[in-house]
Amino acid sequence: MIKDITIGQYFPGKSVIHRLDPRMKLLLTTLYIVMLFVADGFLGLAAGFIFLLFAFFISRIPLTLMIKSIKPIIPIMIFTGILNILFIDTGTVLFEWWAVKITTGGLKTSAFMIIRIICLICGTSLLTYTTSPIMLTDAIERVLSPLKKIKLPVHELAMMMTIALRFIPTLIEETDKIMSAQKARGADFETGSLINRAKALVPVLIPLFVSAFRRAEELALAMECRCYHGGEGRTRMKQLSLGVNDYAALGITVAFLVLVIVVNIFTVI
Amino acid sequence: MESNAGRIIEIKNVSFSYVNEVAEPPVKTQVISNLSLDINRGEFVAVLGHNGSGKSTLAKMINGINLPENGDVVVDGMNTKDESRLLDIRQTVGMVFQNPDNQIVATIVEEDVAFALENMGVEPKEIRRRVDEALKTVGMYEYREHAPHKLSGGQKQRIAIAGVIAMNPECIVLDEPTAMLDPNGRQEVMKTIKRLNEEQNITIVLITHYMDEAAQAKRVVVVDDGKIIIDDVPKKVFSQVELLKSRGLDVPQVTELAYRLRQDGIDIGSEIINEDECVSALLGLLKK
Amino acid sequence: MSVIKTENISYIYSDGTPFRKVAVDNVNIEINEGELVGVIGHTGSGKSTLIQHFNGLLKPSEGKVFIDSEELWADKSRLKAIRCKVGLVFQYPEYQLFEETVYKDIAFGPKNMGLDDAEIDKRIRDTARLVGISEEMLGKSPFELSGGQKRRVAIAGVMAMEPKVLILDEPTAGLDPKGRNQILSLIKEYHEEKGNTVLLVSHSMEDVAKVATKILVMNSGRLFCYDTPDEVFRRAKELEEIGLAVPQITRVFNRLKAEGISVPDNVYTVDRAEEVLLSMLKQGGEADD
């Protein structure tokens, strides 16, 4: 059933990580990504990995969810791995046949890259798992708000995202209904060639668009009636405020970043 | 706030027409013609009329969504043609529409109720207070953190009403708010509307084509073909069975029964609009 | 002969998850050919889920469904053919219109059945007349029509498939009194003219009482009763206990009875009420049942 699709990957919870200010979470995620890219050896990467484990543990996100988030990027991981194995020829040669040459350096780099990708994906997934889409939208609007000065329509973009999030479930439900209705009129969505199946969608898409436009029109009217006149002079009910937890989390993250940099320096020496 | 008696809405000789520009040549359809209507503070007025009678167009004129071609609409002393007062007018007259899905903006109930207040630039603490109060008034406080799309139709409609009463309006115009609801949802919404009128003295303009809902109002205005054809208390309105039927409207079953019995030569009153009245009238006849 | 028959059907949503919900619970029913069945029950009673089993949109979690004596899920290749025997008109069906013209939209169903053009044309004109769509309207875009007209076009689209059973889910929802009456009388006319079985799902007891020959009541997933309107409305008290409103006129008569007046307990339309009262008042005595 299409109804079962969840929007975003939010996993509701009450952990410390869930309760962090979404703006802080955006910053922490950025710092974490920097951390992963600064690390140039396994030791630094290990520090990043420990940080991830630590955050993952206190977020209480089920392990299965984390593994699920890695699945779609397995092809990319394999591709990167093979590329690195084939094109890096430092260290001792382990195997050579025709133009193919596998070296210890190649294996090391490819392992390093794969671990880095895993850390990257898991870290960013942690952000979307612990932050509701609406909180993320809110955070992005506030973080980007200085850009209003250069005429970037930050409020409008955030409003559009909010409305999209609000209406996606409604439209999915509607798609389901229209498909059932056309099926009852003998429409066939499951068999036939690709072109025929694409054609079969016309009786679904047209009513869906017509209804989306009607909804948009009615929503605009309702918003106007409730005094909507753009972002100017608008206040918000929920004020985001940074608390002790946020600063503590920032402290820990910065500590890890410093650790990675220190590890880098020492391994160079 | 001063809530002096007197008129909250004055509609003076207004006309309105839609122009279909797609048609060749453009077709102009007159929807409202030279209509006048005054509504007093604290009144509960039901506006009846079949689809296309102009009743929705009239509703949208009250808060300046539609501006009259001729004539004036004055809300609490403000003319809807005065653009500088538009936000004040919309705060004074809140609107609730038919489709509950298409008037909820946010993905969380309380955020949606806060929407109008955020637009008005109210202080965050005050927004919180008013949102909680509005949600309690409509009996949806426990649902404040829910996702609106998972609620029933009646609950969604109550959220929409909460979003309007958070603005502290003097008047609420509801355009067929129960048309898409099941009987339970309809009852929930009607109870909420009546409470707002009785306890908070909010003026209610209820546009509907359900006779049982109109019967709960204190005044019923029947619109047909862009004009007001009847404007009276429910009893007097429903007793005009023939006129209503000829305009594509219905009457409650008990009213219809009394009307038919009268036609058959039985001596039964012409102002029966609810069960109690019908039972006692019939008892009077049968126990003779 | 029964045209729809179910054997112990149950339908469970999201089985095996915390959201598990039994929407239809062990329902056995047999609907004979030619009936006009009013299906009532409040939201969540399982009535919408039940009717979606009758044309194979849902597969029962347990139990069997027979349409015209043929088991619905026994042979999947027969599903489409059986589905054409049971036409289902959803709530707000006007939102499924999509073609350029009313004519083409009504043709969609018959075309999917693989009928030839002459037969399709005949059926379109036939149903258009039945639902009151003029020749001129057939050439128009369905999006230009009024709400009530759109609804009638959508219903015609299913009627043109000439199903043995026509199921309509809340066909009068959102319409004004005139629109409601038009739809109800066209359903009645269709039933009388074609003699086909019709299932009418409705929240309005008054509407059902006006047209139905049988009434099916669902309550929390179970079949509460399936009987003639006389028998069903006799149980007005029980219906009110499960949260269903009986027609206003029935409530009036029940109260008269409670006051000690001897009135028949099968009055559920204004016509019948008028007839009963007249005979009582004119004879000055008790009505004969």
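Before going into details, it helps to say that this report is about the structure given with it. If you're wondering where the values come from, they're calculated on a predicted model, not measured in any experiment.

For chain C, the helix and strand inventory stands at twelve helices and ten strands. Whereas a compact globule of 289 residues would reach a radius of gyration of roughly 19 Å, chain C reaches 21 Å, a difference of no more than 12%. Buried residues in chain C amount to 56% of all 289 residues. Carbon together with sulfur atoms contributes 45% to the accessible area of chain C, which is approximately 11,900 Å² in total.

So, on to the interface of chain B and chain A. Contacts between the two partners involve 37 residues from chain B, matched on the other side by 29 residues from chain A. Across the chain B to chain A interface the summed buried area is about 3,100 Å²; carbon plus sulfur atoms make up 57%. By the criterion of area lost to chain A, the three top residues of chain B are Asn102(B), Glu118(B) and Asn119(B), representing 22% of everything that side buries. There are eight salt bridges connecting chain B and chain A. The partner of Glu110(B) in a salt bridge is Lys238(A), and the shortest N-O contact between them spans 2.9 Å. Broken down by element, the residue count for the side of chain B that touches chain A peaks at eleven residues, all from helix α3 (residues 109-120) of chain B. Of the residues that constitute the side of chain B that touches chain A, the class distribution is 19 nonpolar, ten polar and eight charged.

Let us look at the packing of aromatic side chains. Under the counting rule described, the total for this entry stands at nine aromatic pairs over all chains. Seen from their ring centres, Tyr228(A) and Phe115(B) are 5.7 Å apart, and the 20° between their planes marks the pair as stacked. Note that Tyr228(A) is positioned in the loop between α10 (202-225) and α11 (244-268) and Phe115(B) in helix α3, a pairing that runs across two chains. A relative accessible area of 4% means that Phe115(B) is categorised as buried. Ring centres 5.2 Å apart and planes at 85° place the aromatic pair Phe16(B) and Tyr18(B) in the edge-to-face group. Judged by relative accessible area, which is 40%, Tyr18(B) ranks as partly exposed. Taken together through their ring pairs, the aromatic side chains of Tyr32(A), Phe51(A) and Phe256(A) make up a single cluster. The cationic tip of Arg214(A) hangs over the ring face of Tyr95(C); the distance from NZ or CZ to the ring centre is 4.2 Å. A cation sits over an aromatic face here: Lys5(C) above Phe66(C), 5.5 Å from the ring centre.

Calculation criteria
Residues numbered from 1 in each chain as written. Chains lettered and ligands numbered in written order. Predicted model: local features only at pLDDT ≥ 70, side-chain atom pairs only at ≥ 80, totals over all residues. Heavy atoms only, no water. Helix = DSSP H or I, 4+ residues; strand = E, 2+ residues; numbered from the N terminus. Rg over C-alpha atoms; globule rule 2.2 N^0.38 Å. Buried < 20%, exposed > 50% of the residue type's maximum accessible area, 1.4 Å probe, protein only. Areas by Shrake-Rupley, 256 points an atom, 1.4 Å probe, with all protein chains shown as cover. Contact = heavy atoms within 4.5 Å. Buried area = accessible area lost by both parts, 1.4 Å probe. Salt bridge = Lys/Arg side-chain N within 4 Å of Asp/Glu carboxyl O. Nonpolar A, V, L, I, M, F, W, Y, C, P; charged D, E, K, R; others polar. Phe/Tyr/Trp six-rings, centres within 6.5 Å; stacked < 30°, edge-to-face > 60°. Lys NZ or Arg CZ within 6 Å of the ring centre and 35° of its normal.

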